[in-house]
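Descriptive analysis of the structure
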Amino acid sequence: MSTPSVIESRDDVRLTRPVPQMRRRVGAAAARRRLAVALCAPAALFMLLVHGLPAVGGLYLSFKELNTFTFAQLFHAPSAGLHNYTTLFDADSPLRSGFFGAVRNTAIYTFFTVGGTLVGGLAVAVLINRPIRGQRVIRTLMLTPWIVPSFVVALLWQFMWQSDVGIVNKILVDYTGLLNHRPVWLSGEASLWAIIIPSIWRGLPFAMLIFFAGLQAIPPELAEAAAIDGAGPIRRFRYITLPLLRPLIAIQLLFGVIYAAYQYAIPVVMLGSTPGPNADLMMTLIVRQSFQNNLFGFGAAASVILTLVMLVWVGVWWRTFRRDLEAAT
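This report concerns the structure included in the present document. (Residues numbered from 1 in each chain as written. Predicted model: local features only at pLDDT ≥ 70, side-chain atom pairs only at ≥ 80, totals over all residues. Heavy atoms only, no water.)

Focus on the packing of helix α11 (residues 233-244) against helix α12 (residues 246-261)
Orientation of α11 relative to α12, taken along the N-to-C sense of each, is 55°, at an axis distance of 4 Å. Here α11 is positioned oblique relative to α12, judged by the angle of their axes. Contact residues: Leu242, Pro243 and Leu244 in α11; Arg246, Pro247 and Ile249 in α12. Classifying every residue of the contact of α11 with α12 gives five nonpolar, no polar and one charged. (Axes fitted to C-alpha atoms, helices over the stretch in contact; angles between N-to-C directions. Helix = DSSP H or I, 4+ residues; strand = E, 2+ residues; numbered from the N terminus. Parallel < 35°, antiparallel > 145°, perpendicular 65-115°, else oblique. Contact = heavy atoms within 4.5 Å. Nonpolar A, V, L, I, M, F, W, Y, C, P; charged D, E, K, R; others polar.)

With respect to unusual backbone geometry
Within the chain, Leu74 stands out as a residue other than glycine whose phi angle is a positive 50°. Looking at the element boundaries, Leu74 is found in the loop between α2 (18-61) and α3 (83-89). With phi around 60°, Asn294 is a residue other than glycine that occupies positive phi space. The residue Asn294 is located in the loop between α14 (282-291) and α15 (296-328) in this model.

A few points about the side chain of Ser199
Considering the arrangement of structural elements, one finds Ser199 in helix α9 (residues 191-217). When neighbours within four sequence positions are excluded, Ser199 is seen to be in contact with Tyr109, Thr113, Thr117 and Ile266.

Remarks on a nonpolar patch on the surface
Together, Leu45, Phe46, Met47, Leu48, Leu49, Val50 and Leu53 give the surface a local cluster of nonpolar side chains, amounting to about 690 Å² of exposed area. Position of Leu48 relative to the elements: it lies in helix α2. Note on Leu48: relative accessible area 48%, which makes it partly exposed. (Patch = residues over 30% accessible without salt bridge, like charges linked within 9 Å, V, L, I, M, F, W, Y side chains within 5 Å. Areas by Shrake-Rupley, 256 points an atom, 1.4 Å probe, with all protein chains shown as cover. Salt bridge = Lys/Arg side-chain N within 4 Å of Asp/Glu carboxyl O. Buried < 20%, exposed > 50% of the residue type's maximum accessible area, 1.4 Å probe, protein only.)

Here it is as structure tokens:
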């Protein structure tokens, strides 16, 4: 009669023995989470102070009548309500046309800059991924535009775009004869392209580097199996390489659009603080109206609208590429 009780007691010991181990594992996991939070807290606090507080301050100032006469009061300036926002859309406002012109130019600039950077970077990455002579030297030289600061890039291309002595017109007119006149690149309708092309030139190496790393990570067995099945280079790229690179394309697209929308250095250095209606971007408009024309409330309102547009873009981007990013992780 005592045998079952012994068996039952042994079973109880077996059932209760893993409990302390589970508790230790849960405690260790909680300790790791607390350590991670403690390590990230200083950086999060720093980001909050550097980005969060100025953003809140800018939002608050967008509802203030802040100009040359009231700037000394700053946060205690008279309230303007929604006047700074309605000014942007009021048909009778002299600022409306400049604002919508900057929105149009920024959209065009962002589209072609990001598109050219992604397509060009991917094309160059595919080319240098092939076994060619001097591959390492070519990779190093391709990174040169990315290493050069934006200020230097703008100065370099400013000289290249000069109508009389610039190398661009010398190639197009004197050396090749493709054009029979010397275009004025730094003013007029061509001025927007004069800042788009240098922006692509500078951003392309970084995109190339990211895509090249992605191509190196793709198992060669996939392309070899597809080739055995009769798939040509274009089909292999479309159905194997491109889908596997979608997470990298998503990351490049996210940061590329945000960086292009907030571009300031290249247009200002090349075209000055007043680029003209054909090349005036949102950031050049905001800085000029705020710090040259002393329309601080208008500049704050335009900044808030630009930030909201970027938040909408991030939401659309996340819904579009969420599955690709989750599959990559």
